[in-house]
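These are the residues of each chain, in order.
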Amino acid sequence: MKNMTLENVAKACGGRLVCEGEPSRAECASVVIDSRQAGENSIFIAVRGERVDGHRFLPDVFQKGALGTVCERLPENAGGPCILVEDSLKALRQIAAFYREQLPAKVVGITGSVGKTSTKEFVAAVLARKYRVHKTQGNFNNEIGVPLTVLSMPEDTEVAVLEMGINHFGEMRRLSRIAQPDICVMTNIGQCHLEFLGSREGILKAKSEIFEHMREDGRAVLNGDDDMLAAISQVKGKAPLLYGIPDVPDGEAARKYGVYAKEIRKKGLLGSEAVFCHAGKEFAVRVPLPGAHMVYNALAAAEVGFLLGLSPDEITAGLAEVRSVSGRSRVLRAGSRTVIDDCYNANPVSVEAAVDLLVQDAARRESSGQAACSQTASDQAAPGQTACGQPDARRVAVLGDMLELGEEERLLHERVGRYCVKKGVDCLICAGPLSEATYEGALSEAEKEGKMPSGGIHYFPDRAALLAGIGALLEEKDTILIKASHSMGFEEAVKLLTSGWAAAGAGDGV
């Protein structure tokens, strides 16, 4: 790792290097916080967690060949050089910021209330057509994940695509200081983390901290159809680049948006097709992930691609290669059923978008009389396997609690329940303490409309009860949406409904 010697790392985090004799001048090979990942010439940062204190493993990492450690207290018999600091997590951020400064790679920072991970996948896939790309893995998007992602960046990286998530004021400022983004993408300002940020205005303020450490020649790429983002006129003296799906003539759209979509053709679980417009030119694209919101994520990726010199052909090819991530609109085949695994996270906007996908795909298949099939792309599925919806499938929504919504959490859950009934969900299954309000909102709306969903409206107090009772509520050929906040653990419901089919050809779809 370039310039990552013990002395430089100590200076970067303001630590005191304690060792016998002259410290090694070797550059470290990796920086880790998990002692199991320590290896030859690694630097181990001892972090005190809720259940495990990393300081217990200082002697172990030196036995594995570690170059040194960063710690808050010195052990009696560490076995090697230690950098003593007051706060190991703060030191992790400082060390990551130092390493980022050593590399010439461009950094694309992606934030927003909804769609960060999918947008990251689109951006990375597009840029990989021209550059060596390093991207956030899994959910490494917070004050531990972002610095670890930066510190795992190979020296030959040309572009790093970093997902940046927060739920408190000040966090994005610290993440931005690490990333020092050249391009800042903001997907939208929705209703999430209201418990800590108070309002959409508070969310915008907190997310906008990403601009504070953006490079001076950097650019902001914003969703121009989000009312709050569209109101941002300048970022560091430059007008932001907007993307969107306008309902105005091309001439007016071209004046507002850097890139925009028109002639969108929804293909249910197959994704969408559209025409993208940029600088007076048009080109056809395929967006392989399902949901109208994925077109916005693809537009963001196209705008970033144009900023970094990609051609329309390169952007089109990159978009077509995107595959879904577990828990985020991933389509699974389970016998004659189709499961939409969207259980990584949830807020009112994303839940309603997922319900739209569920309902629209069923309507498309009913009108066409054909099953929706999508090419699979996962380690569970062999090449050529498919995830196909049934033409006569019931639309089943399995919804869990949406967390961190603040004082209006009950009203927002009720709203989602009403929305499901209005949109024509055939069966609604709610689980979790807050989801009782979803259940009650749905019942109220059904009574108002004088029509109960054919499969009924059901409530379970917790995940265990859901897992025990869901089987009796489902039918063959159902298309089942599963969505909840991550800590609800609804991936267990996904496993329950799909695990028995893995050997028979079940797998992920696009």
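Residues numbered from 1 in each chain as written. Predicted model: local features only at pLDDT ≥ 70, side-chain atom pairs only at ≥ 80, totals over all residues. Heavy atoms only, no water.

So, the pattern of salt bridges
Turning to step 1, where the next piece is worked out: Scanning all chains against the criterion turns up 30 salt bridges.
Turning to step 2, where the next piece is worked out: Between Arg73 and Asp53 there is a salt bridge, and its shortest N-O distance comes to 2.8 Å. Pair noted here: Arg73 is in the loop between β4 (68-71) and β5 (82-84) and Asp53 is in the loop between β3 (42-45) and α2 (58-63), with a separation of 20 residues, a long-range link.
Turning to step 3, where the next piece is worked out: Taking the relative accessible area as the measure of exposure, Asp53 reaches 17% and is therefore buried.
Turning to step 4, where the next piece is worked out: One salt-bridge network, in which partners are shared between bridges, spans Arg93, Glu143 and Arg174. (Salt bridge = Lys/Arg side-chain N within 4 Å of Asp/Glu carboxyl O. Helix = DSSP H or I, 4+ residues; strand = E, 2+ residues; numbered from the N terminus. Buried < 20%, exposed > 50% of the residue type's maximum accessible area, 1.4 Å probe, protein only.)

Things to note about the nonpolar core
Turning to step 1, where the next piece is worked out: Grouped together as the largest cluster of nonpolar side chains are 86 residues, with contacts concentrated most on Met4 and Leu151.
Turning to step 2, where the next piece is worked out: With sequence-adjacent residues up to four places away left out, Met4 is seen in contact with Val9, Ala26, Glu27, Cys28, Val31, Ile95, Phe98, Tyr99 and Leu151.
Turning to step 3, where the next piece is worked out: Counting residues in hydrophobic clusters, the runner-up holds 37 residues, among them Ala124, Val126, Val295 and Leu319. (Core = buried A, V, L, I, M, F, W, Y, C linked by side-chain atoms within 4.5 Å. Contact = heavy atoms within 4.5 Å.)

Some points on the UniProt feature "binding site: ATP" (unreviewed entry) in the chain
Turning to step 1, where the next piece is worked out: In the numbering used here, UniProt assigns the "binding site: ATP" (unreviewed entry) feature to Gly112, Ser113, Val114, Gly115, Lys116, Thr117 and Ser118.
Turning to step 2, where the next piece is worked out: Examined against the element boundaries, Ser113 turns out to sit in the loop between β6 (106-111) and α4 (116-127).
Turning to step 3, where the next piece is worked out: A relative accessible area of 7% places Ser113 in the buried class.
Turning to step 4, where the next piece is worked out: Its place among the elements puts Lys116 in helix α4.
Turning to step 5, where the next piece is worked out: Look at Lys116 and you get buried, because its relative accessible area is 13%. (UniProt positions renumbered as here; feature names shortened; annotations may be inferred.)

Quick word on the sheet that holds β4
Turning to step 1, where the next piece is worked out: On the basis of which strands lie adjacent, the open sheet formed by five strands has the order β1-β5-β4-β3-β2 and mixed pairing. Strand pairing shows two members of the sheet lacking a second neighbour, β1 (16-18) and β2 (30-32), which therefore form its edges. Across the sheet, the axes of successive neighbouring strands diverge by a mean angle of 20°, strand direction being ignored.
Turning to step 2, where the next piece is worked out: Bridge count between β3 and β4: three bridges; the pairing is parallel. Opposite Ile45, over in β4, you have Val70 as the bridge partner.
Turning to step 3, where the next piece is worked out: Along the sheet, helix α1 (residues 6-13) contacts β1, β3, β4 and β5; its crossing angle with β5, the most-contacted strand, is approximately 15°.
Turning to step 4, where the next piece is worked out: Helix α3 (residues 88-102) rests against β3 and β4 of the sheet, and its axis sits at about 125° to β4. (Pairing = 2+ DSSP bridges. Axes fitted to C-alpha atoms, helices over the stretch in contact; angles between N-to-C directions.)

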